[in-house]
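Working through the structure, step by step
Chain by chain, the residues:
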Amino acid sequence: MAQQSSSTRVVLASLAGTTIEWYEFFIYGTAAVLVFDKLFFPSYDDLVGSLLSLSTFALAFVARPIGGALFGHFGDRLGRKSMLVVTLCLMGGATLCIGLLPTYETIGVAAPVLLVLLRVVQGLSLGGEYGGAVLMSVEHAARERRGFFGALVNTGAAWGLLLANLVFLLTSQLSDDAFMAWGWRVPFLLSAVLVGLGLVIRLKLAESPDFQEVRERGEVRKTPIAEVLTKHWPRVLLMCLAYIPAGATFYIATVYSLSYGEKQLGLDRDMILELVLLVNVFTIGAIPFFGWLSDRVDRKRIFWMSIVVMAALPYVWFSAFQSGSFWLMLLGFIALFIPYAANYGTMPTFFAHVFPPAVRYTGMSVGYTLGTVFGSGLAPIIATSLYDSTGSWLAIAIYMTAVGVAGTVAALFLTERAGSEQGERVVA
């Protein structure tokens, strides 16, 4: 009972910290679509300004593998807990600075340059955050509850996006002039309070028992990143490809949809934000359900089958979006996010067991974050470019199907390792 209570505290602390990190990450994505093109890239036409703004959003995903390698390396050497404190401080500091950053009109070209640098810091932070938060929860949990606890941490993205959209919905009630002048800064400044609360929670956590066991056996690696890149690179590549479908689905549906709905379909911005908000409420319940199911049903089978369904549903989602009907659009979002929730709910525990414990933080962080570069950061830019070149959503849907096919193949070749390095077994 005491162990169960301890593991519950750890997963709730990891969830709280991850929610804060994703909140800070997503308010940037929303602002990149709604205001940054006008405030930081005003000398370009609408399309180029939008692409430049979205490029700064994508830049953080390029930085994430570097952060994953850096914090994963030290997480496997020094422990998971200390790295999670550092990543939260980095993200909070960068987000607060963005909220205080002068615009192009005030300091000229220095404004977008500073914006890019702060976005890189955000990317480095989140690159190290995800693997550590998942491993702290999964490695503290009893084996029969690891799927459920890992899935709870993965709802941090949905909680973060939900919180970000709620704050932007409130600030968007301001007049356009007030919103552009100062209202967009409010979500960034609020992050300082959230980071303070997150730090208080994280500093009270105990270290991961799996890492403690590795340390007690004297198996801590001097260069975990070198071992991952030389001995485990095929798993890194497969994990990268297996993540891409979920990332592309999520970011096209929650980030690109804001621009597509408002600029291409002429829909009200608040209505699209409400749709994204509601579907995230749905995933907050659906992701833990599939995590719980993965403790009872083959986890790998749920993972790859959900990618197959995700690859088939963009056509339904876009058709519903085209209708302009709130309820049809909501049904389309929910249909698309059912397989996404199944995939994302099984992903953390599945990915956590791909690598041996001594290099698990590094391996998982590098593989996952490389996938976010191609599946998350580039997805809104690719979608914007495809629509601009073809004038049709069909090209975007085909792109989503193509990455789904590649992800399915990769997932079928991934194996889940259970147990420690000594005598570990591989689950096909």
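Scroll up a little and you will see the structure.
Quick notes on the rules
- Residues numbered from 1 in each chain as written.
- Predicted model: local features only at pLDDT ≥ 70, side-chain atom pairs only at ≥ 80, totals over all residues.
- Heavy atoms only, no water.
- Helix = DSSP H or I, 4+ residues; strand = E, 2+ residues; numbered from the N terminus.
- Buried < 20%, exposed > 50% of the residue type's maximum accessible area, 1.4 Å probe, protein only.
- Contact = heavy atoms within 4.5 Å.
- Lys, Arg positive; Asp, Glu negative; His and termini not counted.
- Charge placed at Lys NZ, Arg CZ, Asp CG, Glu CD.
- Axes fitted to C-alpha atoms, helices over the stretch in contact; angles between N-to-C directions.
- Parallel < 35°, antiparallel > 145°, perpendicular 65-115°, else oblique.
- Left-handed = near helix turned anticlockwise from the far one by under 90°.
- Nonpolar A, V, L, I, M, F, W, Y, C, P; charged D, E, K, R; others polar.
- Core = buried A, V, L, I, M, F, W, Y, C linked by side-chain atoms within 4.5 Å.
- Phe/Tyr/Trp six-rings, centres within 6.5 Å; stacked < 30°, edge-to-face > 60°.

A tally of regular secondary structure across the protein gives 18 helices and two strands. Referenced to the eigenvectors of the C-alpha coordinate spread, the extents of the protein come out at roughly 60 × 45 × 40 Å. In the protein, which comprises 428 residues, the share counted as buried stands at 60%. Taking as baseline every contact in the protein between residues at least 6 positions apart, the subset at least 24 positions apart corresponds to 85%. Between the averaged position of the 28 positive side-chain charges in the protein and that of its 28 negative side-chain charges there is a distance of 11 Å.

At a minimum axis distance of 11 Å, the contact between helix 11 (residues 233–264) and helix 15 (residues 326–352) shows a crossing angle of 140°. With respect to each other, helix 11 and helix 15 are oriented oblique. By crossing handedness, the relation of helix 11 to helix 15 is classed as left-handed. When helix 11 is examined against helix 15, the residues Met239, Ala242, Tyr243, Ala246, Thr249, Phe250, Ala253, Thr254 and Ser257 are found in contact with a partner set consisting of Phe333, Leu336, Phe337, Tyr340, Asn343, Met347 and Phe351. Taken together, the residues of the contact of helix 11 with helix 15 sort by class into 12 nonpolar, four polar and no charged.

This part is about the nonpolar core. Judged by nonpolar contacts, the single largest core of 124 residues is most densely connected at Phe36 and Phe351. The element that contributes the greatest number of residues to this core is helix 1 (residues 2–39), accounting for 16 residues. Formed by five residues, the second largest nonpolar core is a distinct cluster that contains Val85, Leu88, Val195 and Leu199.

The next point concerns the packing of aromatic side chains. This model, assessed by the stated rule, comprises 25 aromatic pairs. Considering the side-chain rings of tryptophan 317 and phenylalanine 321, the 5.3 Å spacing of their centres and the 50° angle between planes classify their relative orientation as tilted. In this pair, tryptophan 317 and phenylalanine 321 are both assigned in helix 14 (residues 314–323), four residues apart and thus about one turn of the helix distant. Taken together, the ring pairs in this structure connect Tyr256, Tyr260, Trp317, Phe318, Phe321, Phe333, Tyr387 and Trp393 into an aromatic cluster.

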